[in-house]
Amino acid sequence: MKKAALIQRFLLLALLLAFTFPVQAQTPPKPSAAKVLQDIKKLNVLGSVLYVAAHPDDENTRLIAYMANEELFNTGYLSVTRGDGGQNLVGPEIREGLGIIRTQELLQARRTDGGQQFFTRANDFGYSKDSDETFTIWDREQVLSDMVWTIRKFRPDVMITRFPPDARAGHGQHAASAILAAEAFNAAADPKRFPEQLKYVEVWQPKRLLWNTGVWSFGSQAEFDKYVDQLLKIDVGVYNPLLGKSYGEVAAESRSMHKSQGFGAAGSRGSAIDYLQHTQGDKAEKDLFEGINTTWSRVKGGEKVEKLIQQAIDTYQPAAPAAVVPALIQAKKELDKLPGGYWKRVKQEELQDVIRYALGLYVEVTAADYAAAPGEPVQLQIEAINRSTVPVSIQLVNYTFASKDTTLNKQLQNNVPVKFEQQITLPASMEVSQPYWLRKPGTLGMFAIEEQQLVGLPENPAAAQVTFRLQVAGEPLQLQVPVVYKRTDPVEGEVYRPFVVTPPVFVNINENVYMFADQEPKQVQVLVKAGKVDVSGNVKLQLPKGWRSEPASVPFNLKNKGEEQEVTFMVYPPKEQQETELKAIATVNGKTYNQGLKEINYSHIPAQVLFPEAAAKIVKLDLKTRGRKIGYVMGAGDEIPASLQQIGYNVTLLHDEDMRLRNLQQYDAIIMGVRAYNTVDRLKFDQPTLMEYVKNGGNLIVQYNTNHSLVLQNVGPYPLKLSRDRVTVEEAEVRLLAPEHPVLTTPNKITKKDFEGWVQERGLYFPYEWSKEYTAILSSNDPGEPARDGGLLVAKYGKGNYIYTGYSWFRELPAGVPGAYRLFANMISLGKGNEGTTGSKAQHTLE
């Protein structure tokens, strides 16, 4: 099964960004006259606020939109993680791939609501039930260090947490984010804490820390009403006429960027109160920024700058934005005279952009291809146009990534574009565009980041940037523009994507895991792809002792960039059971390369690339199977079909037209993908057919669904109720409740050893009540919690078998966990030469 086909199934339509920005993040901004006025007003506001939570989509987008656009504060969101441990509703990516998607969704959200985005190096390892568990996996001191770094760098006057530091947070990582925010609030001001950072930043003490609370945290409206008078209140539902939207409408657009989590939201209009509870620092009685100077008087000598900016505001003409440029130029001159400092740097950057957009100055640098290898030439197309009568000239174009200049001294006439081409050779030492947090191996809870100044950045700095040195009305102005790739799509029109630097050759292994159920060899296909012209060499597999491949190596000769050659190796396993790894290595001119190429393409985010190590897990296991033909109904997206093909099953993805009884009866088992009953609306009509399939002797396996947004009330032939119960500790004991049931004995004898080596969690959203027709097979629980017996339920229905299972097969099978394969094979085999058992040993039954 091709993963591209799965991805294609889940593409979503993108929403337009606020201020009429196109959805592609790399598109040069083209702000409206109203947006320019808002940005000029922001120049006279010197205040900042930092919102802190654990994951993408935890943030209060309405409050962020209000702070950034109504109060005009520099507003940041510090997400402790990139959301790698979540589920994916738009495609099959999980773990690092999902983290990249959710990072880009957060950046799209911030482009919409006007905030800035930051991260720590903490990895979202999945759901945790309390902060103590979280801190056993996260490096607490390192995450604290990253929070302190962001505070010292961003210098917020006010900090706000989304969650309380206790069980009310509902997730261990949520609570941990609040605990660390409180520690960082004080540590950022202490020069003895993380002194190595002070080479780049200064200590900083925010004025106050608050918790963004609400009725939900008090348990009931009555309890909330007892304390509401003690809370700070902000009406964040006001209307912004420059935007033509309320902040409830902006927030909905921002929230709807979290498409992988299914968080599309409807806009709201009218008053909406947000509540803030004081936590640390100076308490504010009525206003969030009480006692904080947010005017130019906080900068020595700034009063002249403030007066000139106010003059620009007062004389601004929306029909002629460029008329304000002379006043802005005078403000720039006064600003440049001020002593160095944080707010001078921030406002210089802001003012530079405002002048650019008031001029209607459009500058773009596009590459002829979206990627190039170090040492290779890149053809650039440069375009600049001044759409005003203000005199503007380009003095110099500096290709900062290649230490090369082009002197122009070219006047930009009103509305007359200047275009020219330039070929630049990338330095041979240029680093490839691997996401910086994935360059080094990390741990379960932490990414490895060696360079301090990269910490906190949402993504890599642009691979190549070009600096334009201009004269605007006689005053020097400098603009830095990223090199991007642009193409014209016959449907979408202009489509932009980041320019990236790649290895000269890629080696992609066809699968992530190879399962050897017997002594038969398996084909391992390696796709060798050229990252530049004229690449030749050899590719081989690096195998551990006891394994061998035929042939030992294969030559390749690729004349054209992008050309591919598929190489097939036969890999022979050892006799004994073993879990290990193979790697593919290409040798070119005596240098080895072992990185693949993975592209992530969805319409709502810019295209992303990463270069994972060309490695695959190889497992020799003792496995028996019965039945061969599987029908699979894809839900939210998972890789189980490919995993089942690894052990010899013939898997067919079923679509609406396939859900006919006559067609279904050919399959030994029908498997419902994760969250199928949450995401496939058609199932409410297909359910009777599926039940008839079971009744006639079929085997239906239903994987986990959430207990909200089900497309039908009952997903089984008999009543069962889903909960939010989960077992997050992957090492938690699993007890066999029905050890003689065929699902635990046939064809593979399941023992406690089969539950070793599981990843991220045991399972989630287990049923908590079920009728007596179901047999509970397994029991597990996190430490200190009651037994969760509903993770695997089996019921006879007519001549067939129905299985509901909340265990996390969608994680375990793609990870190559041997015991998960053995038990899943038993579920598929149920009814193939064995008899099911009825009757339940459950403690939670429905009559």
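A short tour of the structure in this document, coming up. What you see is a predicted model, and the numbers here were worked out from it, not measured in a lab.

**Looking at the environment of Gln317**
Within the element layout of this structure, Gln317 appears in the loop between helix 10 (303–315) and helix 11 (325–337). Taking C-alpha positions, Gln317 is 73 Å from Ile777, a pair spaced 460 residues apart along the chain.

**A closer look at the nonpolar core**
In terms of nonpolar packing, the biggest core is built from 93 residues, with Ile40, Trp138, Leu380, Phe401 and Phe468 touching the most fellow members. Sorting elements by how many residues they give to this core places helix 12 (residues 342–359) first, with 9 residues. In contact with Phe401, other than residues within four places in its own chain, are Leu380, Ile424, Leu426, Pro427, Met430, Ala463, Ala464, Gln465, Val466 and Val483.

**Digging into helix 19 (residues 818–829)**
Spanning 12 residues, helix 19 covers 17 Å between terminal C-alpha atoms, matching the ideal 16 Å at 1.5 Å per step. With 12 of its 12 residues buried, helix 19 lies for the most part within the structure. By the burial criterion, the buried members of helix 19 are Pro818, Gly819, Ala820, Tyr821, Arg822, Leu823, Phe824, Ala825, Asn826, Met827, Ile828 and Ser829. Gly831 occupies a position one or two residues after helix 19 and carries a positive phi of about 90°.

**Comments concerning empty space enclosed by the protein**
On inspection of all chains with the given rule, the structure shows 4 cavities of 30 Å³ or more. There is about 90 Å³ of room inside the largest cavity. Ranked by residue count, the leading element in the lining of the largest cavity is helix 13 (residues 640–646), at 3 residues. Looking at the second largest cavity, its volume works out to about 70 Å³.

**Some remarks on the packing of helix 2 (residues 33–42) against helix 12**
As a packed pair, helix 2 and helix 12 sit with axes 10 Å apart at the nearest point and diverge in direction by 155°. It follows that helix 2 is roughly antiparallel to helix 12 by the angle criterion. The way helix 2 lies across helix 12 gives a crossing that is left-handed. Counted together, Val36, Asp39, Ile40 and Lys42 of helix 2 and Lys347, Glu350, Val354, Tyr357 and Ala358 of helix 12 form the full contact between these two elements.

**Quick look at the sheet that holds strand 24 (residues 548–550)**
Pairing within the open sheet is antiparallel, and its 4 strands lie in the order 20-22-26-24. Each edge of the open sheet carries a strand with a single partner, namely strand 20 (505–509) and strand 24. Neighbour-to-neighbour, the strand axes of this sheet turn through a mean angle of 30°, independent of strand direction. One ladder, built from 3 bridges, connects strand 24 with strand 26 (residues 564–572); its direction is antiparallel. Residue pairing in the sheet places Arg548 in a bridge with Tyr572 of strand 26.

**Some details on the packing of aromatic side chains**
Under the defined criterion, the tally for this structure stands at 26 aromatic pairs. Plain terms: the ring middles of Tyr66 and Tyr247 are 5.7 Å apart, the flat faces sit at 85° to each other, and that makes the pair edge-to-face. Placement of Tyr66 in helix 3 (residues 61–69) and of Tyr247 in helix 9 (residues 247–255) is noted, with a sequence separation of 181 residues between them. Over the ring of Phe135 we find Arg140, and its NZ or CZ is 4.2 Å from the ring centre. Seen from the ring of Tyr370, Arg497 lies directly overhead, with NZ or CZ sitting 3.7 Å from the centre.

**Comments concerning the sheet that holds strand 3 (residues 116–119)**
Overall, mixed pairing links the 7 strands, which are arranged 3-2-1-4-5-9-6 in an open sheet. Of all the strands in the sheet, just strand 3 and strand 6 (232–235) have a single pairing partner and so form its edges. Averaged over all pairs of adjacent strands, the angle between their axes in this sheet comes to 30°, without regard to strand direction. When strand 1 (residues 48–53) meets strand 2 (residues 74–79), the two strands line up parallel, connected through 6 bridges. Note that in strand 2 the partner of Val49 across the bridge is Thr75.

**Here's the deal with the side chain of Asn460**
Looking at the element boundaries, Asn460 is found in the loop between strand 15 (418–425) and strand 16 (465–472). Of the residues examined, Asn460 reaches a relative accessible area of 19% and is grouped as buried. Here Tyr436 takes part through its backbone nitrogen, which lies 2.8 Å from a polar atom of the side chain of Asn460. Those residues in contact with Asn460 that sit more than four places away from it in its chain are Ser433, Gln434, Pro435, Tyr436 and Arg439.

**Focus on the pattern of salt bridges**
In the structure shown here, the tally under the stated rule is 45 salt bridges. Between Lys42 and Glu350 there is a salt bridge whose closest N-O contact spans 3.0 Å. Of the two residues, Lys42 sits in helix 2 while Glu350 sits in helix 12, which places them 308 residues apart along the sequence. Across the pair, Glu350 and Lys42 agree in class, each one buried.

**Overview of unusual backbone geometry**
The omega torsion across Glu550 and Pro551 is -5°, close enough to zero to call that bond cis. Looking at where Pro551 falls in the secondary structure, it is placed in the loop between strand 24 and strand 25 (553–558). The amide bond that connects Thr746 to the next residue, Pro747, takes the cis arrangement and shows omega of -5°. Along the chain, Pro747 falls in the loop between helix 17 (742–745) and strand 39 (763–764). In this structure, Arg155 is a non-glycine residue whose phi angle is positive, near 55°. As for its placement among the helices and strands, Arg155 is situated in the loop between helix 6 (140–154) and strand 4 (158–161). Positive phi outside glycine occurs at Gln760, with the angle close to 70°.

About the criteria used
- Residues numbered from 1 in each chain as written.
- Predicted model: local features only at pLDDT ≥ 70, side-chain atom pairs only at ≥ 80, totals over all residues.
- Heavy atoms only, no water.
- Helix = DSSP H or I, 4+ residues; strand = E, 2+ residues; numbered from the N terminus.
- Core = buried A, V, L, I, M, F, W, Y, C linked by side-chain atoms within 4.5 Å.
- Buried < 20%, exposed > 50% of the residue type's maximum accessible area, 1.4 Å probe, protein only.
- Contact = heavy atoms within 4.5 Å.
- Expected span 1.5 Å × (residues − 1).
- 1 Å grid on protein atoms, 1.4 Å probe; cavity = no way out; pocket = protein on both sides within 12 Å on 5 of 7 lines; lining within 4 Å.
- Points joined across faces, edges and corners; volume = space filled by probe spheres on them.
- Axes fitted to C-alpha atoms, helices over the stretch in contact; angles between N-to-C directions.
- Parallel < 35°, antiparallel > 145°, perpendicular 65-115°, else oblique.
- Left-handed = near helix turned anticlockwise from the far one by under 90°.
- Pairing = 2+ DSSP bridges.
- Phe/Tyr/Trp six-rings, centres within 6.5 Å; stacked < 30°, edge-to-face > 60°.
- Lys NZ or Arg CZ within 6 Å of the ring centre and 35° of its normal.
- Polar contact = N/O pair within 3.5 Å; in protein donor to acceptor, adjacent residues only side chain to side chain.
- Salt bridge = Lys/Arg side-chain N within 4 Å of Asp/Glu carboxyl O.

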